[in-house]
Amino acid sequence: MTMRWLILPLAALAEVGWATGLKLASSPLEWLATVIVAAMSLLLAVRAVRFLPASTVYTVFVGLGAAGTVVADAWLFETRFSWPSLACIGLILVGVIGLHQFSGKPAAPASVSRTDASREGVSS
């Protein structure tokens, strides 16, 4: 796993943090911390878009954030957690892993047109 992919789990973790903070915050300091974590989440996602395709970043960011929030709700707030919800989280994670495995650099153009070659100073 390259460093560029490590930004996304951090962004998703921050996403879970601010979503949890929305439920827990009751004082101005707690609300400020929630806003700061939300900003960190967004900034990390924006940073990831510089290195990875935007569609991949958004899908992984939202998918991991949603899965993490479900787990945090079950763990911290004792919300109902069922096998079907676990299976759905598993599907999200399979999709995230699949995106990681199959995302790559954009394909280079198959051929350079004659006008493009002449603009670049390439002779035929």
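Residues numbered from 1 in each chain as written. Predicted model: local features only at pLDDT ≥ 70, side-chain atom pairs only at ≥ 80, totals over all residues. Heavy atoms only, no water.

Caption draft 1: Quick look at the side chain of E15. Note that E15 resides in helix α1 (residues 3-24). No salt bridge is formed by the buried E15; the nearest opposite charge belongs to K23, separated by 17 Å. With residues up to four places along the chain from it excluded, the contact list for E15 reads S41, F61 and G65. (Helix = DSSP H or I, 4+ residues; strand = E, 2+ residues; numbered from the N terminus. Buried < 20%, exposed > 50% of the residue type's maximum accessible area, 1.4 Å probe, protein only. Lys, Arg positive; Asp, Glu negative; His and termini not counted. Salt bridge = Lys/Arg side-chain N within 4 Å of Asp/Glu carboxyl O. Contact = heavy atoms within 4.5 Å.)

Caption draft 2: Spatial organisation of helix α4 (residues 83-102). Relative to the 28 Å expected for 20 residues at 1.5 Å per residue, α4 spans 28 Å between its end C-alpha atoms, a close match to the ideal helical length. By the burial criterion, the buried members of α4 are I89, V96 and G98. On the buried face of α4, the contacting elements are α3 (54-76). (Expected span 1.5 Å × (residues − 1).)

Caption draft 3: Up close: the packing of aromatic side chains. As enumerated under the stated definition, the model contains zero aromatic pairs in all. Here the basic side chain of K23 rests over the ring of F77, its NZ or CZ set 5.1 Å away from the ring centre. (Phe/Tyr/Trp six-rings, centres within 6.5 Å; stacked < 30°, edge-to-face > 60°. Lys NZ or Arg CZ within 6 Å of the ring centre and 35° of its normal.)

Caption draft 4: Structural view of the confidence of the model for the chain. Confidence in the prediction of the chain, expressed as mean pLDDT, is 82, and 82% of residues score 70 or more. Across the chain, the element-wise mean pLDDT spans from 53 in helix α5 (residues 114-119) up to 95 in helix α2 (residues 28-49). (pLDDT = per-residue confidence, 0-100.)

Caption draft 5: The arrangement of a nonpolar patch on the surface in detail. Together, V70, V71, F81, W83 and L86 make up an exposed nonpolar region whose accessible area comes to about 490 Å². Contributions of two or more residues to the nonpolar patch are made by α3 and α4. Inspection of the secondary structure puts V70 in helix α3. Taking the relative accessible area as the measure of exposure, V70 reaches 33% and is therefore partly exposed. (Patch = residues over 30% accessible without salt bridge, like charges linked within 9 Å, V, L, I, M, F, W, Y side chains within 5 Å. Areas by Shrake-Rupley, 256 points an atom, 1.4 Å probe, with all protein chains shown as cover.)

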